[in-house]
Structure formats: structure tokens, C-alpha cells
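# Notes for the structure review
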Amino acid sequence: MDIEVIGRIRPSARGEGHHSLNISGNHRITSNDGQSFSFQPLFRQDATNYDVYAKVLEPLLDLFLAGFNVSLLLFGETESGKSYTMAGDSLNKAGIVPLAIDGCFNRLLDLQDKPREEGGLRDGHRRGKDDVELKMSMYEIYNEIIKDLLNENQQRGSLPIKETAQLGPHLPGLNQIQIFNAAEATNYFRQGWGRRTDVVTDFGPALGYSAAVFQLELSMVTGGSPLPNRSILQVVRLPGAEKLAEDPTKLRMREGPSLNKSLTAFSQLVTELANTRHADRVINYTDSKLTHLMMDALGANAKTRVLCHLPPHCDQYRLSVMLRSCAQLSQVKNFPILNDHLAQGLVCQMRARILSLQEQLGYEEGHGRALQLHEMRDELKKLTTDNLQLRDKNERLYQKVEQLQSKLNQMAGSRTDLSSKLIFSEEEKLQVSKALVDLQIENNRIQEDYEAANFELKNKVLTLENELMEVTLQKDKVARDLRNTHDRLRTSEKDHKELADEYIILKTNYLALTKEHDREKARNEELGMELLNLVNATSHGRPVQGELTAEIDRLRHVVSRLSTHKPQDSYLGVEEDRQQMEKNLFGERERMEEDRRRMKAQYEEDQEKLEGKLKKLRRELQEAQAQAREAQRKAGETAAKLIMAEGKQRQLEIEHSKAQQQFKDLNSEYRTRLIRYVQDIGEYIDTSAGTAPPNQQQLKDMRRYIDAMIADTKQAYKAREEQLSQAAKMYKKQAKQMANKHEQLLVAYSQLREQVLAGGRSLEIDLGLSDVDLQLSDGERELHAAQTVELNRLRRALQDARAEAERAAARPRNVTIQEPQGKGPTDWSSVRKQLREFALNTQQELETDNARMKTKVSVLESQLSEAQDYIDKHLVRYKQEIVRLRKLLGQEPGTRQGSAGPYLDSADPEYYPRRRGHNRANTSS
Ligand SMILES: Nc1ncnc2c1ncn2[C@@H]1O[C@H](COP(=O)(O)OP(=O)(O)OP(=O)(O)O)[C@@H](O)[C@H]1O
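Residues numbered from 1 in each chain as written. Predicted model: local features only at pLDDT ≥ 70, side-chain atom pairs only at ≥ 80, totals over all residues.

So the rule is basically this: UniProt positions are given in the numbering used here, feature names are shortened, and annotations may be inferred rather than shown by experiment.
The name given to the protein chain in an unreviewed UniProt entry is Coiled-coil domain-containing protein 78-like, with Branchiostoma belcheri as the source organism. Annotation of the protein chain in UniProt includes, under Sequence similarities (unreviewed entry), the sentence "Belongs to the TRAFAC class myosin-kinesin ATPase superfamily. Kinesin family."

### Focus on the overall build of the protein chain
Here is the rule: Comment: elements are numbered from the N terminus, with helices defined as DSSP H or I runs of at least four residues and strands as E runs of at least two. By the convention adopted here, residues make contact when the C-beta atoms placed from their backbones lie within 7 Å.
Looking only at helices and strands, one finds 15 helices and 17 strands in the protein chain. The contacts in the protein chain between residues at least 6 apart in sequence include a share of 78% that link residues at least 24 apart.

### Side note on the nonpolar core
Soluble globular proteins: nonpolar side chains tend toward being buried together. We apply this condition: In these notes, a nonpolar core means any group of buried Ala, Val, Leu, Ile, Met, Phe, Trp, Tyr and Cys residues linked to one another through C-beta atoms within 7 Å. Counts of 20 or more other C-beta atoms within 10 Å of a residue's own C-beta define buried residues, counts of 12 or fewer define exposed ones, and intermediate counts define partly exposed ones; C-beta atoms are placed from the backbone.
Grouped together as the largest cluster of nonpolar side chains are 93 residues, with contacts concentrated most on V97, A100, V306, L307 and C308. Aside from chain neighbours lying at most four places away, what touches L307 is I6, R8, V52, V56, L72, L74, F75 and T85.

### A word on the UniProt feature "binding site: ATP" (unreviewed entry) in the protein chain
The UniProt record marks G76, E77, T78, E79, S80, G81, K82 and S83 with the feature "binding site: ATP" (unreviewed entry), using the residue numbering of this structure. Here E77 is to be found in the loop between strand 6 (70–76) and helix 2 (82–87). For E77, a count of 25 C-beta atoms within 10 Å puts it in the buried group. Given 19 C-beta atoms within 10 Å, G81 falls into the partly exposed group.

### Comments concerning helix 6 (residues 261–275)
Selection rule: Working rule for helices: expected span equals 1.5 Å times residues minus one.
Under the 1.5 Å per step criterion, the end-to-end length of helix 6 is 21 Å for 15 residues, consistent within 8% with the ideal 21 Å. Those residues of helix 6 that fall on the buried side of the exposure criterion are K261, S262, L263, T264, A265, F266, S267, L269, V270 and L273.

### Here's the deal with the sheet that holds strand 3 (residues 28–30)
Paired through their backbone hydrogen bonds, the strands of a sheet run either parallel or antiparallel. Worth spelling out the cut-off: Here, strands pair whenever DSSP counts at least two bridges between them. Angles run from 0 to 180 degrees between N-to-C directions of axes, and those axes are lines fitted to C-alpha atoms, restricted for helices to the stretch in contact.
Pairing within the open sheet is antiparallel, and its three strands lie in the order 2-3-4. Each edge of the open sheet carries a strand with a single partner, namely strand 2 (22–24) and strand 4 (36–38). Put simply, the sheet's adjacent strands are angled 20 degrees from each other on average, direction ignored. Where strand 2 and strand 3 come together, three bridges link them in antiparallel fashion. Looking across to strand 3, one finds that N22 is bridged to T30.

### A closer look at the site of the ligand
For the record, the criterion: We count a residue as near a molecule or strand when its backbone-placed C-beta atom lies within 6 Å of that partner. Any residue that is not Ala, Val, Leu, Ile, Met, Phe, Trp, Tyr, Cys, Pro, Asp, Glu, Lys or Arg is counted as polar, Gly included; the first ten are nonpolar and the last four charged.
What surrounds the ligand is a group of 15 residues, the closest being T78, G81, K82, S83 and Y84. Among the elements that take part in the shell around the ligand, helix 2 stands out by supplying three residues, more than any other. Taken together, the residues that form the shell around the ligand break down as three nonpolar, eight polar and four charged.

### Digging into the environment of R589
Structurally, R589 is set in helix 11 (residues 545–688). On the basis of neighbour count, R589 is assigned to the partly exposed category, with 16 C-beta atoms found within 10 Å.

### With respect to the packing of helix 6 against helix 8 (residues 316–330)
Between two packed helices, what matters for the description is the angle formed by their axes and the separation of those axes. Cut-off, in case you're wondering: To sort the angles, those under 35 degrees are grouped as roughly parallel, those over 145 as roughly antiparallel, those from 65 to 115 as roughly perpendicular, and the leftovers as oblique. When the near helix sits turned anticlockwise from the far one by under a right angle, the crossing is termed left-handed; a clockwise turn instead gives a right-handed crossing.
At a minimum axis separation of 8 Å, helix 6 and helix 8 run at an interaxial angle of 50 degrees. Compared by their axis directions, helix 6 and helix 8 come out oblique. Considering the relative orientation of helix 6 and helix 8, their crossing is left-handed. Contacts between helix 6 and helix 8 involve S267, V270, T271 and A274 from the former and S325, Q328 and L329 from the latter. Here the contact of helix 6 with helix 8 is composed, by residue class, of three nonpolar, four polar and no charged.

### Quick look at helix 1 (residues 49–66)
Formally: To obtain the bend at a residue, axes are fitted to the seven residues ending there and to the seven starting there, and the angle between these axes is taken.
The terminal C-alpha atoms of helix 1, which comprises 18 residues, lie 24 Å apart, in line with the 26 Å expected from a rise of 1.5 Å per residue. If you look at helix 1, its biggest bend is around 40 degrees, right at L57, and the proline P59 turns up within four residues after that. Within helix 1 the residues assigned to the buried category are N49, V52, Y53, V56, L57, L60, L61, F64 and L65. Looking one or two residues past helix 1, G67 carries a phi angle of roughly 115 degrees, positive in sign.

### What to know about unusual backbone geometry
Keep in mind that most residues, glycine aside, have a negative phi and that most peptide bonds are trans. Here the bond from Q40 into P41 is cis, since omega is -5 degrees, no more than 30 degrees from zero. Looking at the secondary structure, you find P41 in the loop between strand 4 and strand 5 (42–43). Phi at E79 takes a positive value of approximately 70 degrees, unusual for a residue other than glycine. Mapped onto the secondary structure, E79 falls in the loop between strand 6 and helix 2. Exposure remark for E79: the 17 C-beta atoms within 10 Å place this residue in the partly exposed category. Within the chain, E144 stands out as a residue other than glycine whose phi angle is a positive 65 degrees. You can see E144 is positioned in the loop between strand 8 (130–142) and strand 9 (145–148). With 16 C-beta atoms counted inside 10 Å, the residue E144 sits in the partly exposed group.

### Description of the confidence of the model for the protein chain
Interpretation of the predicted coordinates at a detailed level should be avoided for regions scoring low in pLDDT. Note the following rule: For every residue, the predictor assigns a confidence score, pLDDT, that lies between 0 and 100.
In this model, the protein chain carries an average pLDDT of 76, and 69% of its residues clear a pLDDT of 70 or more. Helix 15 (residues 918–924) is the least confidently modelled element of the protein chain, averaging 36 in pLDDT, while strand 6 averages 95, the highest of any element. Counting interchain partners and residues more than four positions distant, the pLDDT-below-50 stretch residues 761–765 has six contacts. Our summary of model confidence lists the complex with pTM equal to 0.46 and ipTM equal to 0.96.

### What about the environment of G299?
Mapped onto the secondary structure, G299 falls in the loop between helix 7 (289–293) and strand 17 (303–310). The buried category is assigned to G299, around which 25 C-beta atoms lie within 10 Å. For the pair G299 and N334, spaced 35 residues apart in sequence, the C-alpha separation works out to 4.3 Å. The contacts of G299, once residues within four sequence positions are left out, are L273, I283, V332, K333 and N334.

Next comes the structure, spelled out in C-alpha cells:
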């Protein structure tokens, strides 16, 4: 029964696009070189694990339960989906093994005629006529080490393989767990799957090289059989098949003898089995542990299917190799038999006979010896073939050597170019860095100017606003005074009016009184006259004339008193009052008038003054506004400049990174070339091995070439060291500049302090920190000193390195390649080894030096930036102190005094540290 080969194409991953496989007639895949194979069937990209299980593994399950050995081999390149098929990627997308476990238990329960709800099989449980025992085991073969995946405490080292008559080749130490239900078995499987060796080695992930085997062993008594049938189900995930496309000898040399042994032995076994299909063949299975343990599955007692996994996009050569392997697999003939007690007895007897025969042949001296013998035989075979191939190659290689020589000359030339390019790019990089630093300084300066101007203007505007406010307040006060004066004037005018009214009333009264008086006077006179007439008339007739006369006189007197004195007196009194009142009234009025005039004059004067002041203020405001506009314009210009500078800086940064990239590229190119040189030389020596040793001329050529190569390498590194020393010098210069700035500021600060002290105000005011406190602390001095020491040390190291390089150049070549003593390939390999060691050592030394220098430069850079940060921080402190002192001295913050320097115009502590990058954060803290 031939092995059946089934295909499965993995779905394209994101970005892979549609598959590029050439499929014809639904089953056949053909590679570009015409190799083709027809899979039966071929699962396309939309097939699920269940589809695969249902078509491929489920039919095998029936055979397994019937007592046949069955195997499913998962074959394919790394990343082609073998693991996905076997284990799935989550519970929802279970792999074929969990599906098979389920299927197996379902079938067993059906066979036992047992209700499913009861759970699963029970140990020793008999129902009907069947007695079932199901055991599972799992192991991994990686680098010829067998690891029990169901034993988490397995000691280091491999499980041994033992071959007995009863069990054939098997693993006696392997954990075989009896399982009773699907969930438990699936759980064991998942645990075991997770214990696979999942490390990444120099040659890639270990999973790509390992084989994982899942095994179910069923013992079931059926029918009237006295002994149980014993069958095995195996699902084997084979190592990544892409290595089959490589030359096995080269592969063995590159990756060691055991890493790919499973795969190469599997491939050889398949080839051998495919080529000898008759049943009486004698095949060696012991080339690898995998093939040894798969004895039954390949060409023996098992129904085997191979599921070949194909990625949607595959290298055509590798595809062709895969298709060829599939074709060979499909030609392997197996002989599955029902493993009842009779067959088992027969097989056991046969195996026992073979073992005894092997013993008779001395096989018992150790299976290892047989393996060794076999390996040696193989090795011999390979060596013979290799020898033939090498002879054949030798001819071609001699021709190639000449080509190689000319190529080497070319390469030497191009390497010099490369070195000069490297130096040029380093120079460029340094120039760019310098430009970048200059730009950054310029940028900082512009920003500082801008901030200073802005701050000055803001101060000016604030002062003007204050003044304006004061003037407005004054104006308000004057207006209030004016209003008061107006009120008072109005009150006095009102008083005046009232007085005038009173005066008029009084005058009217006076006039009325005068008139009354005149009238009274006239009546009195009339009365007097009448009385006189009466007297005159009566004096002629009466004797009591004397009494009457007296009476008449008295009357006359009264009348005359009335008519003359009395009215005159009252009149005089009123007149006086009037005059007095008038006098009072007019005096008051005049005084008030006088007051009013005075106040008016004062008001007008104040008004005039205020207007003058207002005009002045307006003028100043206009000027300030013009200045502000000018400053804004300048700020705009500065901002534009800043943006331009930033753009330039960014461009420079890009150029810088480009240069760095170029530098890296050149470095790696250089390294690649170096390695290629060494490889070329190695190959050259390899190909020369086994033939006649090279003549003296060839040896000399080679030495000259190596000398030139080493000289070049040293020159390049020397140039690099020089550049580094230049960079170190530049950093030192910057540090010096910073220290100078620090000193300048210290001088300015102490001058201001002295000014304050000279002003005799030191007692009233707090002078703040002493200039001694602001000097560099011991720590900072240490930092500075450490930098100097480090720089000197670096300089010394550089000188030493230079001297060493010169010494090395002067002294006779220390590359001593010992001339081959004998003529065999071993001498050549020693030469090659020396050469490799020397190249490796030189490269390592140079790289270590380079790394050391780089580290030191970065340490220096960080020290420098620390010093710069410190100085920045001090600048802010100085500035604050100086501004405070200036204020105390009554100087405007905008005016520059003495040598206080350009940094001291702003009182804003944020002002100076406004720098780009890390400095900003540090100083602002
Ligand atoms: N049929 C599939 N459907 C969906 N994804 C798949 C399928 N087959 C493979 N994959 C995915 O492709 C990737 C590679 O598959 P997988 O790891 O199974 O390959 P492999 O051949 O076992 O590789 P390795 O040898 O490295 O273990 C995984 O991310 C897997 O999820």
C-alpha cells in the first residue's frame, strides 16, 4: 500500500496577495522547472482544519480502532502551516490532533455501546465484549535530543532508544499516560505542545528544526481473541523542509552534524525506499533518531499518509525540491497488517530473530558501534563523491582563482575608495554637526534678543500704562475739585441772589416807610396847623388861657417831636442797617467773586497743565506704540528667521542622520567586504586543499594582499580616532567658552553688589547670595577637572594608539602564516585557521577600540551637557540677582550698566533657559 500524499495550501497572510502556485486540474502543482506532482486531494486556501481532519485523519481513525498502525506525517517548509494543522491556533480553530482525540473517544464509546453523557472510558471497565486501554505519549526530537513532552521534570539529555523483539524501536523512559476522556487527553496534548523547545539559535528558531510526535496506543480485546489488538496512531510534525533544497554537506558543515540530521536522514530514507519498492529490501533506519523511531510508518507496518504544506508563495527551486520529495514519498510502499495477537506474535518472532542475528554479527557490541560503522560507511561514500566532485571542481577553480585575483585587486582599489569615502563622510558629518551647533547658538542668540526686546517693550508699555493711569486719576481729582468749586459757586450765587432779593424787599420797605413817614409828617404838620388855628381861635374867648397855652405847647412839643425826631431816628436806624447790610452783602459778593475768579484761574491753569501732560503722554504712548510695532515687526522677522533656522536645522539634522546612515552603510559594507575577503581567501585555500600546495609566489601574493588589507583597516580606524579627537577638542572648547561666560557673569554680579554696598543701602536690603556662593562648587569644579582629566587621558590614549599603530607599521609583519609543512589538506586548514583567527582578532580589537572611543566620547558629551546645564542654571540665578539689585539701585531693568553683559536685560527667569532640547528641561527645573 503506497503512502498517500495530500496537499494543503496555507492562506495568504496579510500583504502576501493571491498565491502564485501553478495549479492544474485541481490537484497538480508544477514548478517553473517542470517538476510536478498531483496531490490526492489538494486542500485549497479556504479549507479548514476540520475539512482536513474529516478527509485525512478520520478514515485513519477507523483503521486505528480496527487494530492497524496509522501515521500522518505533516511535511512542509517552515511557516507553511504544519503547527496550525496539528494544533490549531485557539479552541475555536482546533487542530487535527484535538479533533482526532474527540473522534477517537466518540468511536470508542460507540463501540462500547456506552451513553456519552457518562463521560468516558473507565480503567478495566468491561462492557460487552471489548476491553479498551488508550495511552498517549508525546515527544520532540531536536538536534538529535529526544524530549518527553508529557514529563515536565525530564532531566537534561536525550531519552534513549531501545529495540526489543516485542516493541521494536521504542523509548523506554517515555511517559505514557492512560487517558479516559477527550477533554483530559486534549489538555495533556496542549500542555505537551507548550513544552516544545521554543528558542532562537544562531540558525533561526529551534521549532523549524524540530520534529514533534503525538502518539496514541490502543490495546483492545475484540471478538473472542484471547489477547488484545495493539495499534498505534502517530501524528508527526516534521522539521521545516526548506533545508532539503540545500547541499547536505554544506549544511552539515555550516550548521553542525546533528541539527538537520532528522530531515536529511528522512529524505535519504524516503529516496532509498522509493527506489527499492520490493518487499525483501533491507533498509537502514538508524541514520537518525527520527527515522529509527518511524520504522513502522515508513515502508513497514502502518497505513501512512503525508500532508504536504505549501505556502502560497514559494521559491521555485524549493518548490521543485518539495514536489520531488512528495513524488518519492508517494512511491514508498508500506505493508500495514492487523495487529492481532497472531500478527504480533509473528512480528515479535521475526524481530527476535533479527536481533539474535545482529547479536551473532557482533551487533551486540553496541548499537552505537553499528551506527558509527554506518556513519563511517556513509562518510566514506560521501568523501568519495566529494573527492570526485572536488577534482572536477578543481579545474574550474584554478581558472576562477585568476579571476578572483583580478577581482581582489579591484576590490582592494574599491576598498581604498571606500575608506576615503568613509573619512569624507565622517568629515562631512563633523561639519554638519558643527554647523548644527553654530545654528543652535545663533538660534539661541536670536531667541534671547527677541525675548529681551519683548521684555523691555512690555516693561515700557507697563510703565506708560501706569503713568497714564496716574494722570487719569489726577484728572479725575481735578474734575472732582472743579465740580466742588462749581457747587460752591452756585451756592454762593444763590446766597447772593437771596441777599439781593432781601435787599430789594428791605429797600421797598424802607421806601414805603419813608413815604409813610412823609405822609405822617405832613399830617402832623396839618394837625399842628389845625391846633394852632384852634389855639388862636380859643385864645380870644377863654380865661383859662394860661393852662391852654401850656397844653398847646405840650402838644406842639409832642407834634414837633413826632414830626421831627421820631421819624428821623427810625429812619437813621434803618439806613444804618441797610448800609451795613449792603456793605456785608457786597463784601461777601466780592469775596465770592474773588474766590470764583481765583478758582477759575487755578482750574484753567490745572487744565492747561493736564492737557500738556496728556499731550506728552499721548506722544509717549504713540512712540511706545511705534516702538512696539517696530519690535513686533522685528519679532516677526526674528520668528521668520527662527523658522528658517529651524527648517535649516531640521534639514541639517536630516543631512546629519543621512550622513550617519551613510557612515553605517559604509561601515557595514566595509565589514561585509572584509568578511568576503576572508571568505574568498578561505575558499581559495579550501579549493587548493587536496591538490598541490601553492607556490611561493602565490603565498607572497596572499601575504601582500592581507598586509594591504590590515594596513587599510588600521588607516581607517586611525582616521576615525583622529576625528574623534577633533570632536573631543571641540567639546573642550565649548566647555571653555561656557566657563568664560560664567566668569563674566560673576564679575558683572560682583560689580553690582559693590555698587549696592557703596550706596550704603546694604543694611536696609537683602543683598542675596554672595558672589562666592555663585562660584563653581567643588563638585562642579571636579566635573570640570574630571572632563579635563578625561580629555587628557583620551589624548594620551590616542597618542598611545598612534604610537602603537606606527610601531606596528614599522615592525616586521606580525601576521605570521606558517608555511604548510606537509602537502595535505590539514596544513592548509591550519593556515586557514590562523588566517581566520588573525582576521577575527584584528577586527575584534579594532572594534573594541572603536567602541571604547565611542563610549568615551558619549561620556564626554554627557559631561559637557551637564556642565552646560549647570552654567545655564547659574545664569538664571545671576540674572535674577542682578535684576533685583538693579531694581534696588533704582535702575530701569532695560538699561544696561557696566559690563553686566547681554544676558542681564530680562528679569524673566524663563528667559535664558529657553533653549532647544534637553537643556530646556534641565534649566527650567
Ligand atoms: N490554514 C491556515 N489558516 C489560517 N492561518 C494559517 C493556516 N496555516 C497557517 N497559518 C498561519 O501561518 C503562520 C505559520 O503557520 P505555522 O506556524 O503553523 O507554520 P509551521 O510550518 O508550523 O512553521 P514552524 O515550522 O515555524 O513552526 C501562523 O501564523 C499560522 O497561524
